[in-house]
Amino acid sequence: MAEGVAVVPVAPPLRRIRPWPFGAALVLAAGATAAALLVGPHWLDQPAVQAWRTVCLAITVQALPFLLLGTALSGAINAFVPADLFTRVLPKRPALAVPVAGVAGAVLPGCECASVPVADSLIRRGVTPAAAFAFLLSAPAINPVVLTATAVAFPGNPAMVAARLLASLGTAAAMGWLWLWLGKEKWLRPLVRHRHTGHRHGHSRWTEFRLGFQHDFLNAGGFLVLGAMAAATFNVAVPRSVLDTFSGSTWLSVLFLAALAVLLAVCSEADAFVAASLTGFSPTARLAFLVVGPMVDLKLIALQAGTFGRAFAWRFCAATTVVAVAASALIGGVLL
């Protein structure tokens, strides 16, 4: 290299905005609007269509503030927090970092929509994926807002609150340890596997925050809308008589409410009131609804697939469902 020539470090490029999930949701909405106009305005007055529209809008509106919270927090972590903070705070041994991260999930008063981008940002910062995934599962299930809502929905029944806390925390820790044992980094999207150090030389921190927030919100927001559409379709299509058929069997009711939690995709701040209304089902079955829902539902599967990749989402969500149902049956059988 010639003497006296200054070398200017080249900053790596900022994350590229990939808004295709948001675009797909807009295309579906535009297609539904066009179909409604072709059929006629009276089609919109049908009870089933009104119910679908109400459920879809309710899920989206419920989750949107927490999605904004999560993406803003993710952008702030990426732009402003020192890169080695989380690796210094968490125990060095991954097996110990998992339960610590699970307990730390209690400090974020948000739903699953907020935890996904935050977990993504933690992995990018060097936190072991097992600990980040334990946080992802526990944050929407054991935070003070959710536990308070559960206490209000089940008055005079503190055992339900304790059972939800223990079963959810146990599931989060078990899944973190399971990832340490069987998880493979190749299942994660390459962009997630790449670790960066947050602030880049020559770039404004506020610019990084803005672009990071824009990337996460467009990506996760599109999947949120798609998941809300799918959940609303199931809610309208399944008749009430199907629910009554399963409530008579103890094990079938547990499995059915676990599946119902996945399909309904109710935000964790509101799911306790839904569970309390299912009076025909056993307390253990309703506990399964409360434990599975914040960890595995249609919108969360979509959010995880969009953030971490489909190879990860299907494996992780399937295993989480099995572990959550087993934890609910065990804890519910003892406490309820």
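Conventions adopted
- Residues numbered from 1 in each chain as written.
- Predicted model: local features only at pLDDT ≥ 70, side-chain atom pairs only at ≥ 80, totals over all residues.
- Heavy atoms only, no water.
- Helix = DSSP H or I, 4+ residues; strand = E, 2+ residues; numbered from the N terminus.
- Contact = heavy atoms within 4.5 Å.
- Areas by Shrake-Rupley, 256 points an atom, 1.4 Å probe, with all protein chains shown as cover.
- Phe/Tyr/Trp six-rings, centres within 6.5 Å; stacked < 30°, edge-to-face > 60°.
- Buried < 20%, exposed > 50% of the residue type's maximum accessible area, 1.4 Å probe, protein only.
- UniProt positions renumbered as here; feature names shortened; annotations may be inferred.
- Salt bridge = Lys/Arg side-chain N within 4 Å of Asp/Glu carboxyl O.
- Core = buried A, V, L, I, M, F, W, Y, C linked by side-chain atoms within 4.5 Å.
- Expected span 1.5 Å × (residues − 1).
- Polar contact = N/O pair within 3.5 Å; in protein donor to acceptor, adjacent residues only side chain to side chain.
- Axes fitted to C-alpha atoms, helices over the stretch in contact; angles between N-to-C directions.
- Parallel < 35°, antiparallel > 145°, perpendicular 65-115°, else oblique.
- Left-handed = near helix turned anticlockwise from the far one by under 90°.
- Nonpolar A, V, L, I, M, F, W, Y, C, P; charged D, E, K, R; others polar.
- Patch = residues over 30% accessible without salt bridge, like charges linked within 9 Å, V, L, I, M, F, W, Y side chains within 5 Å.
- pLDDT = per-residue confidence, 0-100.
- Arc of directions from axis to C-beta.

## A word on the overall build of the protein chain
Scanning the protein chain for helices and strands turns up 16 helices and zero strands. In the protein chain, the share of contacts with a sequence separation of at least 24, taken over all contacts with a separation of at least 6, comes to 84%. Counting only carbon and sulfur atoms, one obtains 72% of the accessible surface of the protein chain, whose full area is about 15300 Å².

## Looking at the packing of aromatic side chains
Under the counting rule described, the total for this entry stands at nine aromatic pairs. Grouping aromatic residues by their ring pairs yields a cluster made of Phe133, Trp179, Trp187, Phe308, Phe312 and Phe316.

## Side note on the side chain of Thr320
Relative to the helices and strands, Thr320 is located in helix H16 (residues 310-335). Contacts of Thr320, omitting those with residues within four sequence positions, involve Leu137, Thr171, Met175, Met295 and Val296.

## A look at the environment of Gly332
Locating Gly332 in the fold gives a position in helix H16. Given the relative accessible area of 1%, Gly332 is considered buried. In this structure the C-alpha to C-alpha distance between Gly332 and Ala162, which are 170 residues apart in sequence, comes to 9.9 Å. Excluding its chain neighbours within four sequence positions, the residues that come into contact with Gly332 are Thr284, Leu287 and Ala327.

## Quick look at the UniProt feature "transmembrane region" (unreviewed entry) in the protein chain
In this structure's numbering, the residues bearing the UniProt feature "transmembrane region" (unreviewed entry) are residues 20-39, 51-77, 97-119, 131-155, 161-182, 217-238, 250-275 and 312-335. Taken end to end, residues 131-155 comprises 88% helix and 0% strand; its first and last C-alpha atoms sit 33 Å apart. Across residues 161-182, helical content stands at 100% and strand content at 0%; the span's end C-alpha atoms are separated by 31 Å.

## Thoughts on the pattern of salt bridges
In total, this model carries two salt bridges according to the counting rule given. Arg164 is the partner of Asp271 in a salt bridge, and the nearest nitrogen-oxygen pair spans 2.9 Å. On the criterion of sequence distance, the pair formed by Asp271 in helix H13 (residues 271-277) and Arg164 in helix H8 (residues 158-182) is long-range, its members being 107 residues apart. For Asp271, a relative accessible area of 2% gives the class buried. Taking relative accessible area as the criterion, Arg164 reaches 0% and is therefore assigned buried.

## Details of the nonpolar core
Among the nonpolar cores identified, the biggest contains 67 residues, and Phe133, Leu257, Phe289, Val292, Phe308 and Phe312 are the most heavily contacted of them. Apart from residues no more than four positions distant in its own chain, Leu257 is found in contact with Leu278, Phe281, Ala285, Arg286 and Phe289.

## Notes on H8
Between its terminal C-alpha atoms H8 stretches 36 Å, which fits the 36 Å expected from 25 residues at 1.5 Å a residue. Of all the residues in H8, the buried ones are Met160, Val161, Ala163, Arg164, Ala167, Ser168, Thr171, Ala172, Ala173, Met175, Gly176 and Trp179. Where the residues of H8 are buried, they touch helix H4 (94-104), helix H6 (129-142), helix H7 (144-153), H13, helix H14 (283-292) and H16.

## Regarding the environment of Phe273
Positionally, Phe273 belongs in helix H13. On the basis of relative accessible area, Phe273 is assigned to the partly exposed category, the value being 41%. Taking the C-alpha atoms as reference points, Phe273 and Ala151, separated by 122 residues in sequence, lie 9.9 Å from one another. With near-sequence residues (within four places) excluded, Phe273 lies in contact with Ala149, Val152 and Ala153.

## Some details on the side chain of Arg164
Within the structure, the side chain of Arg164 is placed 2.8 Å from the side chain of Thr150, a separation counted as a polar contact. Apart from residues no more than four positions distant in its own chain, Arg164 is found in contact with Ala141, Val146, Thr150, Ser268, Asp271, Ala272, Leu287, Leu290 and Pro294.

## Overview of the packing of H4 against H8
As a packed pair, H4 and H8 sit with axes 9 Å apart at the nearest point and diverge in direction by 150°. Judged by the inter-axis angle, H4 sits roughly antiparallel to H8. The way H4 lies across H8 gives a crossing that is right-handed. Contacts between H4 and H8 involve Pro94, Ala95, Val98, Pro99, Gly102 and Val103 from the former and Leu169, Ala173, Gly176, Trp177 and Leu180 from the latter. Here the residues of the contact of H4 with H8 sort into nine nonpolar, two polar and no charged.

## Digging into a nonpolar patch on the surface
A cluster of nonpolar side chains, Leu165, Leu166, Leu330, Val334, Leu335 and Leu336, forms an exposed patch at the surface whose accessible area comes to about 520 Å². Those elements giving two or more residues to the nonpolar patch turn out to be H8 and H16. Relative to the assigned elements, Leu166 resides in helix H8.

## Digging into the confidence of the model for the protein chain
On average, residues of the protein chain score 77 in pLDDT, and 74% of them are at 70 or above. Low pLDDT, under 50, characterises residues 1-20; the predicted model gives this stretch 29 contacts beyond four residues in sequence or across chains. The low-confidence segment residues 193-199, where pLDDT is below 50, has 20 contacts with residues more than four positions distant or belonging to other chains.

## A closer look at H7
Those residues of H7 that sit buried are Val146, Leu147, Ala149, Thr150 and Ala153. Looking straight down H7, one finds that the buried residues subtend no more than 160° of arc, so they occupy a single side. Its side-chain oxygen placed 3.1 Å from the backbone nitrogen of Val146, Asn143 serves as the N-cap of H7.

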